[in-house]
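# Observations on the three-dimensional arrangement
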Amino acid sequence: MSEKMKILYIAWSKQQPTEMYADPSVWYRCFQPAQALRDLGHTVNIVAFQNVTEEQIKAHDCVIFFRPLYSTLFVNLINNCEQYNKRYLASYDDLFFDIGYLRHSGFRKLGAPQEQILSDRPELYAKAFYFFDEFVSSTDGLKKAIKHHKPDAKVNLHYNGIPPEVHDWVSLLSKKNRINKRRLGYFAGGAIHTPDLLKIAPIIAQVLNEQNATFYCVETVKIPNLLLATGRIET
């Protein structure tokens, strides 16, 4: 992306349009990369799907739909992109578009009722998915899943990362508050990741003992008994 571009992020979020910054996924998949792109000289704007206008689409070269949901409004936005010959992509940080994946998802492992599993309207995510031929994926696994459903799709990998300002802030705090022990941190995206933590608990326990380290968990996940038994847990 050597030439300077005008890029528009359109975000679907459970937060109200005025509070989108409070949505972690929108923050690290829209606001954070937008700032990085601005630092490279590009013009980048972010708008909630409820507020986007035809004029905004006309004014940008590239439109990135983050976690798009199918609706009449969504179809109109796609038609606008087509009408004005704009490059448009769908960006995902999870398997929202794969209905079949729900059978194996953390919701079932947590014993969530069927209505909760379906409350995020997975069929609408899936229907929106098929309007795109180009995507942005946060992991290699997601890229593979996208290619499974659309083998000819172009998938751009954009891994999650820590912005420079946060890294500098942490470095400053670390200098002021030196911790003379090793610490392994786990920052999951909510209770739904409890089964994931359970799966990797034996390896974590081994590392804690070998490295004389503590396990630092800042989240709502349930910590497995195997890890609690190490006596090396901080929450």
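The following paragraphs examine the structure supplied in this document. Since the model is a prediction, treat every value here as computed from it, not as a measurement.

## Describing the side chain of His42
Structurally, His42 can be placed in the loop between helix H1 (24-39) and strand S2 (43-48). Of note is the side chain of His42, whose polar atom sits 3.0 Å from the backbone nitrogen of Met5.

## Examining the pattern of salt bridges
One pass over the full model with this rule turns up 6 salt bridges. Where Asp93 meets Arg67, a salt bridge forms, and the shortest distance between an N and an O atom there is 2.9 Å. You can see Asp93 sitting in the loop between strand S4 (87-92) and helix H4 (106-109) and its partner Arg67 sitting in the loop between strand S3 (62-66) and helix H3 (72-83), a full 26 residues away along the chain. Here the two residues Asp93 and Arg67 agree in accessibility, since each one is buried. Two residues, Glu134 and Arg87, come together in a salt bridge whose shortest N-O distance is 2.6 Å. In this pair, Glu134 sits in strand S5 (residues 134-137) while Arg87 sits in strand S4, placing the two residues 47 residues apart along the sequence. Overall, Glu134 belongs to the buried group, its relative accessible area being 12%. Several salt bridges share partner residues, and in doing so they unite Arg87, Glu134 and Lys154 into one network.

## Here we look at the sheet that holds strand S8 (residues 213-217)
Strands sit in the order S7-S8-S9 across an open sheet of 3 strands; the sheet is parallel. Only two strands of the sheet have a single neighbouring strand rather than two, namely strand S7 (182-186) and strand S9 (233-234).

## Some words on the pairing of S3
The side chains of a regular strand alternate between both faces of the sheet. Burial analysis of S3 places 5 of its 5 residues in the buried class, which makes it a mostly covered element. Residues Cys62, Ile64 and Phe66 point to one face of S3 and Val63 and Phe65 to the other, with burial holding for every one of them. Sheet topology note: the S3/S4 ladder contains 5 bridges and is parallel. The partner of Ile64 across the bridge, within S4, is Leu89. Read from S3 through H3 to S4, the crossover connection turns out right-handed.

## Things to note about the nonpolar core
Within the largest apolar cluster, 32 residues are counted, with the highest numbers of intra-cluster contacts made by Ile10 and Phe65. Those elements giving two or more residues to this core turn out to be strand S1 (6-11), S3, H3, S4, helix H6 (122-129) and helix H7 (140-149). By residue number, the principal contributor to this core is H3, which donates 5 residues. Sequence-distant contacts of Ile10, defined by excluding residues within four places in its chain, comprise Val47, Phe49, Val52, Val63, Ile64, Phe65, Phe66 and Leu77. Counting residues in hydrophobic clusters, the runner-up holds 17 residues, among them Ile7, Met20, Leu37 and Ile64.

## Focus: the pairing of S2
Sheet analysis places S1 next to S2, joined by 6 bridges and oriented parallel. Bridge pairing in S2 places Leu8 opposite Asn45. This β-α-β element, S1 to H1 to S2, shows right-handed connectivity.

## A word on H3
For H3, which comprises 12 residues, the first-to-last C-alpha distance of 16 Å matches the rise-based estimate of 16 Å (1.5 Å per residue) to within 8%. Residues of H3 that are buried: Phe74, Val75, Leu77, Ile78, Asn80 and Cys81. Buried residues in H3 make contact with S1, helix H2 (54-58), S3, S4 and H6. Asn85 sits one or two positions beyond H3 and adopts a positive phi of about 55°.

What counts, and where the lines are drawn
- Residues numbered from 1 in each chain as written.
- Predicted model: local features only at pLDDT ≥ 70, side-chain atom pairs only at ≥ 80, totals over all residues.
- Heavy atoms only, no water.
- Helix = DSSP H or I, 4+ residues; strand = E, 2+ residues; numbered from the N terminus.
- Polar contact = N/O pair within 3.5 Å; in protein donor to acceptor, adjacent residues only side chain to side chain.
- Salt bridge = Lys/Arg side-chain N within 4 Å of Asp/Glu carboxyl O.
- Buried < 20%, exposed > 50% of the residue type's maximum accessible area, 1.4 Å probe, protein only.
- Pairing = 2+ DSSP bridges.
- Right-handed = clockwise from strand over helix to strand, strands pointing away.
- Core = buried A, V, L, I, M, F, W, Y, C linked by side-chain atoms within 4.5 Å.
- Contact = heavy atoms within 4.5 Å.
- Expected span 1.5 Å × (residues − 1).

None of this, on its own, says anything about what the molecule does.
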